[in-house]
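Residue-level listing of the chains:
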Amino acid sequence: LFGDVKMKIECKKALINPMMFISVFITFIILLRVFFIYDLFNTTMDYLTMFTYPIALSGFLPFAALLAILPYAFSYLEEKNSGYGNYIISRCGIKKYIVSKVMSVGVAGGVAMTIPFILIIVIVLINGASVTRVNYPEMYEGRIWEPYLLIWGGKFILLLRLVLIFMFGAAWAEIALFISACYSNRYVVFIMTFVCYQLMWMILPTKINMTYLFRADYSQETMSIYTPYLIWCVYILVVCLFNYLIMIKKVKV
């Protein structure tokens, strides 16, 4: 599917656009300021402990979903309202249009979240220290990450966290796409996505709460390390399915 010309064009549009740059820039600045506030450039802190600072203390999480949807989640809405979507459909077909749109929106949301954290991890690796038996992150004791803390001096856990961050961004971009298929107003979609994010944060149990799954700092007694990834896969697949079904009904040539 990714070898398809339409898919390549759609992904290129999703990943290279001004809103992607804005989303990445805003996220990175929000996360970076924590390093200056807490003087993390002058410390012997281990990688994993240092990495928790920008996530926990930046004020990023309450608005994370909005930054994930900025790059491309509104593209379907814009194409529908302008009529450009009908032109594309006439060239490639409804099903190919929908599949490429759903996939590119998810990829864009995941990338928008991941790039700033990759930059933060680079800073962490430059200024932090490897995880060792002596330089051990105590806050990770008893967590699902603990058996893997010493792999690559803590870098393996950073990689696993990046995957979760990507999945978070992809899931919320897909949710925004679903809302945009139901409502034709960009501002309504933006507000409703934020409201859904806050409501799900408050209502959903911790184990399946999308905001808690962003960090997945669960106890080993309640969850395995694989479970958060499986939950994210279920969320993403379900929303993608709903997107496909509703867009099949809504999209008209």
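Residues numbered from 1 in each chain as written. Predicted model: local features only at pLDDT ≥ 70, side-chain atom pairs only at ≥ 80, totals over all residues. Heavy atoms only, no water.

**Section: a nonpolar patch on the surface**
So, point 1. The grouping of Phe21, Ile22, Phe25, Ile26 and Ile29 at the surface amounts to a nonpolar patch, some 460 Å² of accessible area in total.
So, point 2. Residue placement: Ile22 occurs in helix α2 (residues 18-37).
So, point 3. Classification of Ile22 by relative accessible area gives partly exposed; the value is 35%. (Patch = residues over 30% accessible without salt bridge, like charges linked within 9 Å, V, L, I, M, F, W, Y side chains within 5 Å. Areas by Shrake-Rupley, 256 points an atom, 1.4 Å probe, with all protein chains shown as cover. Salt bridge = Lys/Arg side-chain N within 4 Å of Asp/Glu carboxyl O. Helix = DSSP H or I, 4+ residues; strand = E, 2+ residues; numbered from the N terminus. Buried < 20%, exposed > 50% of the residue type's maximum accessible area, 1.4 Å probe, protein only.)

**A look at the nonpolar core**
Side chains that are nonpolar tend, in soluble globular proteins, to be buried together.
So, point 1. Ranked by size, the top nonpolar core spans 85 residues in total, and within it Phe51, Phe117, Trp145, Trp232 and Met247 carry the most contacts.
So, point 2. No other element matches the 17 residues that helix α8 (residues 155-182) contributes to this core.
So, point 3. Sequence-distant contacts of Phe51, that is, excluding residues within four places in its chain, are made with Phe117, Ile120, Ile121, Val124, Leu158, Arg161 and Ile165. (Core = buried A, V, L, I, M, F, W, Y, C linked by side-chain atoms within 4.5 Å. Contact = heavy atoms within 4.5 Å.)

**Regarding the pattern of salt bridges**
So, point 1. One pass over the full model with this rule turns up 6 salt bridges.
So, point 2. Here Glu10 and Lys101 are joined by a salt bridge, their closest N and O atoms 2.6 Å apart. Within this pair, whereas Glu10 is found in helix α1 (residues 5-15), its partner Lys101 is found in helix α7 (residues 94-127), the two being separated by 91 residues in sequence.
So, point 3. For Glu78, the salt bridge goes to Arg186, with nearest N and O atoms at 2.4 Å. Residue Glu78 is located in helix α5 (residues 75-82), and its partner Arg186 is located in helix α9 (residues 186-203); the two are separated by 108 residues in the primary sequence.

**A few points about the packing of α8 against α9**
So, point 1. Running from N to C, α8 and α9 cross one another at 130°; their axes reach a closest spacing of 9 Å. Judged by the inter-axis angle, α8 sits oblique to α9. For the pair α8 and α9, the sense of crossing is right-handed. Taking contact as the criterion, the partners of Phe168, Trp172, Ala176, Ile179 and Ser180 in α8 are, on α9, Val189, Met192, Thr193, Cys196, Tyr197 and Met200. (Axes fitted to C-alpha atoms, helices over the stretch in contact; angles between N-to-C directions. Parallel < 35°, antiparallel > 145°, perpendicular 65-115°, else oblique. Left-handed = near helix turned anticlockwise from the far one by under 90°.)

**Focus on the packing of aromatic side chains**
So, point 1. Tallied over the entire structure, the rule returns 19 aromatic pairs.
So, point 2. Summarising the aromatic geometry, the rings of Phe168 and Trp232 are spaced 6.0 Å apart at their centres and angled 85° between planes, so their arrangement reads as edge-to-face. With Phe168 in helix α8 and Trp232 in helix α11 (residues 227-250), this pair connects stretches of sequence that are 64 residues apart.
So, point 3. With a relative accessible area of 0%, Phe168 lands in the buried category. (Phe/Tyr/Trp six-rings, centres within 6.5 Å; stacked < 30°, edge-to-face > 60°.)

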